[in-house]
Amino acid sequence: MSRGLVIEAAYLVAAVLFILGLKSMGSPRTARRGMFMAELGMLLAVLGTMVSAKVITYEWIILGMVIGTAAGAVISVWTPMTAMPQRTALSHAFGALAAALVGVAQYYNLGAAAGLGKMTAIGLEVFLGGLTFTGSMMAFGKLQGILPGAPMTYKGQNVSNMILLAALIASVVWIVIDPSQTWVFYAMVGLSLVFGVLLVMPIGAADMPVVIALLNSYAGLAGCATGFALDNSILIVAGALDGASGFILSVLMCKAMNRSMTNVLFGAFGKAPEAVASAASELGTVRSMGPDEAAYLLEAASRVVIVPGYGMAVSQAQHVVKKLTDLLSARGVDVRFAIHPVAGRMPGHMNVLLAEAGVEYDKLYDMDQINDDFARTDVAIVIG
């Protein structure tokens, strides 16, 4: 087989593994297998790219792989589960920065010689990569506590953001039409970095799951554009899968939060709508209860639903929750977990924590699966 056929075969198998892995991640029971399939696919994609005739020397590539592997190993060992959301935000930031830098390097090499199609891909990857990099760094800062977690807003914010977005789109169109305008290209790079900051600034830390999913989508689209810029088919496939799945996840989360996508994209959605807030204040009364009384209540229950939230992550209570589940199950109590799509600080945060504690997958239910069962539930435990 020729080198080209080997590369295309590796890319084809990698693409299939990416698709199957993504499908498997749709269920907690098969998510681990999906991750392994996606990892194998990425390994094949990297190896296929490494044998390309376009690779002239391997010194810097090997150095980068060694540094990246060491950094990844350290991060995986030392990062606590409570810090997983900000680690995810950093991953998006680095991936998007890589895409943006590839675009800058491509433009530096080609300049005015870049054709219409190539320049369109370069413009989009730099535009999306730049805003995703700074936006993800803002998300990391909010989650880590370096920046205020509350929404940061100012008068006329949405209008100024829309004007900046219009200027960005205009600069992309300009540089595509006339690649010789170097100052327009680098102005676009600067504007995209600024727009990423302003995009995430008005969003509160409590709403970061939606933001992280959306930034994941942007990073995937930037990677897809990079594939077109480099004529690399596997980057196009992987980026398209990442971008589409991240966007769909964002839409589902917005629906679960009774928010519109426009509300997410153009900021200041850290506050709940007044109608929702006022309705919540009319849902009944609150009565305090001591540990003994709560224990008697659970002892008399036949059906219990546990609704985990970020409080479980902060207090690392998932192992205690697992012990409580085992005690109740031993008494014949039906215990299930209701997982809200935006519980925690990243998509799937609660599933990860409960899996770490050893909670069986068949006890985890999505919001739509379990909502109708609350009317037949004796006790609901919400870990806020």
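Below you will find a few notes about this structure. (Residues numbered from 1 in each chain as written. Predicted model: local features only at pLDDT ≥ 70, side-chain atom pairs only at ≥ 80, totals over all residues. Heavy atoms only, no water.)

## What to know about the packing of helix H4 (residues 84-110) against helix H5 (residues 116-144)
H5 packs onto H4 with a crossing angle of 155° between their chain directions and a minimal axis gap of 7 Å. Of the possible angle classes, the one that applies to H4 and H5 is roughly antiparallel. Remark: the crossing between H4 and H5 carries left-handed chirality. When its residues are assigned to classes, the contact of H4 with H5 shows 20 nonpolar, nine polar and two charged. (Axes fitted to C-alpha atoms, helices over the stretch in contact; angles between N-to-C directions. Helix = DSSP H or I, 4+ residues; strand = E, 2+ residues; numbered from the N terminus. Parallel < 35°, antiparallel > 145°, perpendicular 65-115°, else oblique. Left-handed = near helix turned anticlockwise from the far one by under 90°. Nonpolar A, V, L, I, M, F, W, Y, C, P; charged D, E, K, R; others polar.)

## What about the environment of Ala99?
Secondary-structure assignment places Ala99 in helix H4. Under the relative-accessibility criterion, Ala99 is labelled buried at 7%. When neighbours within four sequence positions are excluded, Ala99 is seen to be in contact with Glu125, Ala222 and Thr226. (Buried < 20%, exposed > 50% of the residue type's maximum accessible area, 1.4 Å probe, protein only. Contact = heavy atoms within 4.5 Å.)

## Concerning the sheet that holds strand E1 (residues 303-308)
The sheet built from four strands is open, its strands ordered E3-E2-E1-E4 with parallel pairing. Two strands close off the open sheet at either side, each with one partner strand: strand E3 (364-366) and strand E4 (379-383). Each strand of the sheet is rotated relative to its neighbour by a mean of 30°, with strand direction disregarded. Two strands pair when backbone bridges link them, and E1 and E4 are joined in this way by five bridges, in the parallel orientation. (Pairing = 2+ DSSP bridges.)

## Brief notes about the pairing of E1
Along E1, five of the six residues are buried, which leaves the element largely enclosed by surrounding structure. As paired elements, E1 and strand E2 (residues 334-339) share four bridges and run parallel to each other. Residue pairing for E2: Ile306 is matched across the bridge by Phe337.

## A word on helix H15 (residues 349-357)
For H15, the set of buried residues is His349, Met350, Leu353, Leu354 and Ala357. One face of H15 carries all of its buried residues, which in axial projection span an arc of 120°. Where H15 is buried, its residues meet H4, E1, helix H13 (310-315), helix H14 (318-330), E2 and E3. Gly358 sits one or two positions beyond H15 and adopts a positive phi of about 90°. (Arc of directions from axis to C-beta.)

## Side note on unusual backbone geometry
Residues other than glycine predominantly adopt negative phi, and peptide bonds predominantly adopt the trans conformation. Its identity as a non-glycine residue notwithstanding, Asp231 has a phi of 55°, on the positive side. On the secondary structure map, Asp231 appears in the loop between helix H8 (208-230) and helix H9 (233-256). Even without being glycine, Gln316 reaches a positive phi, approximately 55°. Looking at the element boundaries, Gln316 is found in the loop between H13 and H14.

## Points about the nonpolar core
Within the largest apolar cluster, 70 residues are counted, with the highest numbers of intra-cluster contacts made by Met119, Ile175, Phe185, Val304, Met312 and Phe337. At eleven residues, H5 tops the list of elements feeding residues into this core. Ignoring any residue separated from it by four or fewer positions in sequence, one finds Met312 in contact with Ala317, Gln318, Val321, Met350, Leu353, Leu354, Ile383 and Gly384. (Core = buried A, V, L, I, M, F, W, Y, C linked by side-chain atoms within 4.5 Å.)

## Re the pattern of salt bridges
Taken as a whole and assessed by the stated rule, the structure comprises seven salt bridges. Arg287 is the salt-bridge partner of Glu293, the closest N and O atoms lying 3.1 Å from each other. A relative accessible area of 38% places Glu293 in the partly exposed class. Given the relative accessible area of 59%, Arg287 is considered exposed. The network of salt bridges with common partners includes Asp334, Arg336, Asp373 and Arg376. (Salt bridge = Lys/Arg side-chain N within 4 Å of Asp/Glu carboxyl O.)

## A word on the side chain of Thr325
Following the sequence through the fold, Thr325 ends up in helix H14. The exposure class assigned to Thr325 is buried, which follows from its relative accessible area of 1%. There is a polar contact of 2.8 Å between the side chain of Thr325 and the backbone oxygen of Val321. Setting aside residues up to four positions removed in sequence, Thr325 forms contacts with Ile306, Val335, Phe337 and Lys363. (Polar contact = N/O pair within 3.5 Å; in protein donor to acceptor, adjacent residues only side chain to side chain.)

## Comments concerning the packing of aromatic side chains
Counted by the stated rule, this structure contains four aromatic pairs. Ring centres of Trp174 and Trp183 lie 5.3 Å apart, and the angle between their planes is 85°; on these two criteria the pair is classed as edge-to-face. Given a relative accessible area of 40%, Trp174 falls into the partly exposed group. Measuring from centroid to centroid gives 5.2 Å for Phe185 and Tyr186, while their planes differ by 85°, and the two rings are edge-to-face. Note on Tyr186: relative accessible area 38%, which makes it partly exposed. One aromatic cluster in this structure is built from Tyr107, Phe185 and Tyr186. (Phe/Tyr/Trp six-rings, centres within 6.5 Å; stacked < 30°, edge-to-face > 60°.)

## Looking at the packing of H14 against H15
Viewed as axis vectors pointing N to C, H14 and H15 meet at an angle of 65°, and their least axial separation amounts to 8 Å. When you trace H14 past H15, the crossing you get is right-handed. Contacts between H14 and H15 pair Gln318, His319 and Lys322 from the former with Leu353, Glu356 and Ala357 from the latter. When its residues are assigned to classes, the contact of H14 with H15 shows two nonpolar, two polar and two charged.

No statement about biological role is implied by the geometric values presented.
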